[in-house]
Amino acid sequence: MPRIEPCPQAWHAAPVRIELINTGSELLLGRVLNTHQQWIGEQLTAAGYELAHQQTVPDTGAAIQAAVREAIGRSELVLVTGGLGPTNDDLTRQRIAELLGVPLEEHAETRARITAYFQKINRPMPESVLVQAQVPAGALVLTNHHGTAPGLAMQTPKGWLILLPGPPRELRPMFTDAVVPLLVEKMPPENS
């Protein structure tokens, strides 16, 4: 698969086309209410942006990869929620690295944060959770202050691809504290 080259730093003043991809078979099956679209849409609007497209895909690597491939081909910002945890159906991190043609690398700071998190809650740490410290090479790691899976931001030919953890208690503070400031800096809203 060809490597997707990062976009140049020269950003445009045209409206930013934003897409949201929610991953999770539990969302499609109605087992969990998908509140991300409404909440993220509200946050983007308040920051001066507009969500142009939203879709939900199952927890299959092929579905995630296909949705992201299409989205980064037409939009300046693609937000993906879910699939960053330690379970077998958390495939987003790996499939995005494959799509971008980059390896996964251990992020030492994230590994240390995960270890410290389990020490803080005084529970044994399953080795499987350390997969969350594997990040696509070159990704900007967004610290998760409310869980163990970090968010990830990567440049694409048109703009940015941002991966966020699925649990709302982790996603929402990360979006507010890390994603919105990144957007305002790198892709200012049209009316700013």
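Scroll up to find the structure this text is about.
These figures come from a predicted structure and were not determined experimentally.

**Q** Could you clarify how one ought to interpret the packing of aromatic side chains in this entry?
**A** Geometrically, a pair of aromatic rings is defined through the distance of the ring centres and the angle of the planes. As enumerated under the stated definition, the model contains two aromatic pairs in all. Where tyrosine 117 meets phenylalanine 118, the ring centres are 5.5 Å apart and the plane angle is 85 degrees; that geometry is what we call edge-to-face. Relative accessible area serves as the criterion here: at 28%, tyrosine 117 is assigned to the partly exposed category. Using a relative accessible area of 11% as the deciding quantity, one classes phenylalanine 118 as buried.

**Q** Sorry if this is basic, but what is going on with the packing of helix H3 (residues 61-74) against helix H4 (residues 92-100) here?
**A** Between two packed helices, the angle of one axis relative to the other and the distance separating the axes together describe the packing. At a minimum axis distance of 9 Å, the contact between H3 and H4 shows a crossing angle of 50 degrees. As judged from the angle between their axes, H3 and H4 are oblique. Remark: the crossing between H3 and H4 carries right-handed chirality. Each of Gly61, Ala62, Ile64, Gln65, Val68, Arg69 and Ile72 in H3 lies in contact with H4, whose residues at this interface are Thr92, Arg95, Ile96, Glu98, Leu99 and Leu100. Among the residues making up the contact of H3 with H4, the classes are represented as seven nonpolar, three polar and three charged.

**Q** Got a minute to help me understand the sheet that holds strand S2 (residues 51-57) in this structure?
**A** Taken in spatial order, the six strands line up as S2-S1-S3-S8-S7-S6 in an open sheet, and their pairing is mixed. The sheet is open, and its two borders are formed by S2 and strand S6 (140-142), each paired with just one other strand. Neighbour-to-neighbour, the strand axes of the sheet open up by a mean angle of 15 degrees, direction not taken into account. Where strand S7 (residues 151-155) lies against strand S8 (residues 160-164), four bridges are found, and the strand directions are antiparallel. Bridge pairing in S8 links leucine 152 to leucine 163. Across the sheet, helix H2 (residues 36-46) lies against strand S1 (18-23), S2 and strand S3 (77-81), angled at about 155 degrees from S1, the strand it touches most.

How each quantity is defined
Residues numbered from 1 in each chain as written. Predicted model: local features only at pLDDT ≥ 70, side-chain atom pairs only at ≥ 80, totals over all residues. Heavy atoms only, no water. Phe/Tyr/Trp six-rings, centres within 6.5 Å; stacked < 30°, edge-to-face > 60°. Buried < 20%, exposed > 50% of the residue type's maximum accessible area, 1.4 Å probe, protein only. Axes fitted to C-alpha atoms, helices over the stretch in contact; angles between N-to-C directions. Helix = DSSP H or I, 4+ residues; strand = E, 2+ residues; numbered from the N terminus. Parallel < 35°, antiparallel > 145°, perpendicular 65-115°, else oblique. Left-handed = near helix turned anticlockwise from the far one by under 90°. Contact = heavy atoms within 4.5 Å. Nonpolar A, V, L, I, M, F, W, Y, C, P; charged D, E, K, R; others polar. Pairing = 2+ DSSP bridges.

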